[in-house]
Amino acid sequence: MSKTIRLIYPQWQGGIISHWIKELKPEDSSRGYYLGAKLLSILAPQNNNHETLEVPVSLDIKNREIKNGIIDYDFILSQTKNALDILNKNNPDKIITFGGECSVSVVPFTYLNKKYDNDIALIWIDAHPDITLPEDNTYAGYHAMAVSACMGNVDKDISSILPSKISADRILFIGLRDWEREEIRIRQKEYGIKHFAPEEISKSSECIIKWLKECKASKVFIHFDLDVLEPNEIIAAVGVSPNGMKINEVVRVINDIAREKELVGLTIAEHMPKIEILMKNMMAELPLFN
């Protein structure tokens, strides 16, 4: 029997987001992904056959420094090693990851890619392509470099410990609609990574299935960033790019993919639970709790 683990990976350090969330204190919004990961794991359907493991993540926010083009670099490097240690020790065949910001997919996906000898396709469901490079010197958040890291195009000390590299021809973006700057759009074309916009897949997954058949890989990973969702229907992440995917569309796409190829890695990431953070802070001021 194959072994499936649930990996709670509440890494928050990859985001520089507090300036977008004015209703929260900067330290609360910055670390919001930590609580988001925990809540996703609680809300997910339970399965007694799955073992739940958690990557130790620091909550230290006193000195957020940029090093090698990445904010909180030392924490991210250390937590990358922590996640790898867990996977190497437990040797899972399938991994469900609850994040945390988008970079939580990097370790599970490169681990499984090595395990299955590159016989994989990576479907990245996201409003953004996450192919920033540390040397761009425009945005130092590691979550915007997640796909680059999966490809091995990241800081040498991080890439040297990742188990494998995923080639660009095995990657497909779904729901992409915000490149943020022109160099990212150009880079995607240079990499040759195809994408389907929300309107192209709103009625049918046929174009995705066609791409999967042409890819010829027998297994698939899916990264699901909650900011891909249409903000008029639900706001579950920091990003609120308009004209996104509806919940039922994402559910249909993921199920269609899983029917076509064996799904061995699934990440749900970037949940920013603003209301729960406000409630948490409110209760902290009430009597008897302390």
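As recorded in an unreviewed UniProt entry, the protein goes by Arginase and comes from Brachyspira murdochii. The protein has a UniProt comment under Sequence similarities (unreviewed entry) that states "Belongs to the arginase family."

We now examine the packing of aromatic side chains. Enumeration according to the criterion identifies 1 aromatic pair in this entry. Between Phe109 and Phe221 the ring centres are 4.9 Å apart and the planes differ by 15 degrees, which places this aromatic pair in the stacked class. Note that Phe109 is positioned in helix H4 (residues 106-115) and Phe221 in strand E9 (residues 219-225), a separation of 112 residues in sequence. Side by side, Phe109 and Phe221 carry an identical accessibility label, which is buried.

Quick look at the packing of helix H3 (residues 73-90) against H4 now. Following both chains from N to C, one finds H3 and H4 inclined at 40 degrees, their axes separated by 9 Å at the closest point. With respect to H4, the axis of H3 lies oblique. Of the two possible hands of crossing, H3 and H4 adopt the one that is right-handed. In this structure, H3 uses Thr80, Ala83, Leu84, Leu87 and Asn88 to contact H4, whose residues at the interface are Val107, Pro108 and Tyr111. Residue classes in the contact of H3 with H4 are distributed as 6 nonpolar, 2 polar and no charged.

A sheet is described by the order of its strands in space; here 8 strands give the open sequence E2-E1-E5-E10-E9-E6-E7-E8, paired in parallel fashion. Sheet topology places strand E2 (51-54) and strand E8 (194-196) at the edges, where each strand pairs with a single neighbour. Within this sheet the neighbouring strands show an average axis-to-axis angle of 20 degrees, counted without direction. Of the pairings in the sheet, the one linking strand E1 (residues 4-9) to E2 comprises 4 bridges and is parallel in character. Across the sheet, residue Arg6 finds its bridge partner in E2, namely Thr52. Sitting on the sheet, H3 touches E1, E2 and strand E5 (94-99), and the angle it makes with E1 is about 165 degrees.

Counting through the fold element by element, Asn137 comes out in the loop between strand E6 (120-125) and helix H5 (146-150). With relative accessibility at 70%, the residue Asn137 sits in the exposed group. Considering only alpha carbons, one finds Asn137 and Asn68, 69 residues apart in sequence, at a separation of 9.8 Å. Within the structure, Asn137 has its side chain in polar contact with the backbone oxygen of Glu135 (distance 3.3 Å).

Conventions adopted
Residues numbered from 1 in each chain as written. Predicted model: local features only at pLDDT ≥ 70, side-chain atom pairs only at ≥ 80, totals over all residues. Heavy atoms only, no water. UniProt positions renumbered as here; feature names shortened; annotations may be inferred. Phe/Tyr/Trp six-rings, centres within 6.5 Å; stacked < 30°, edge-to-face > 60°. Helix = DSSP H or I, 4+ residues; strand = E, 2+ residues; numbered from the N terminus. Buried < 20%, exposed > 50% of the residue type's maximum accessible area, 1.4 Å probe, protein only. Axes fitted to C-alpha atoms, helices over the stretch in contact; angles between N-to-C directions. Parallel < 35°, antiparallel > 145°, perpendicular 65-115°, else oblique. Left-handed = near helix turned anticlockwise from the far one by under 90°. Contact = heavy atoms within 4.5 Å. Nonpolar A, V, L, I, M, F, W, Y, C, P; charged D, E, K, R; others polar. Pairing = 2+ DSSP bridges. Polar contact = N/O pair within 3.5 Å; in protein donor to acceptor, adjacent residues only side chain to side chain.

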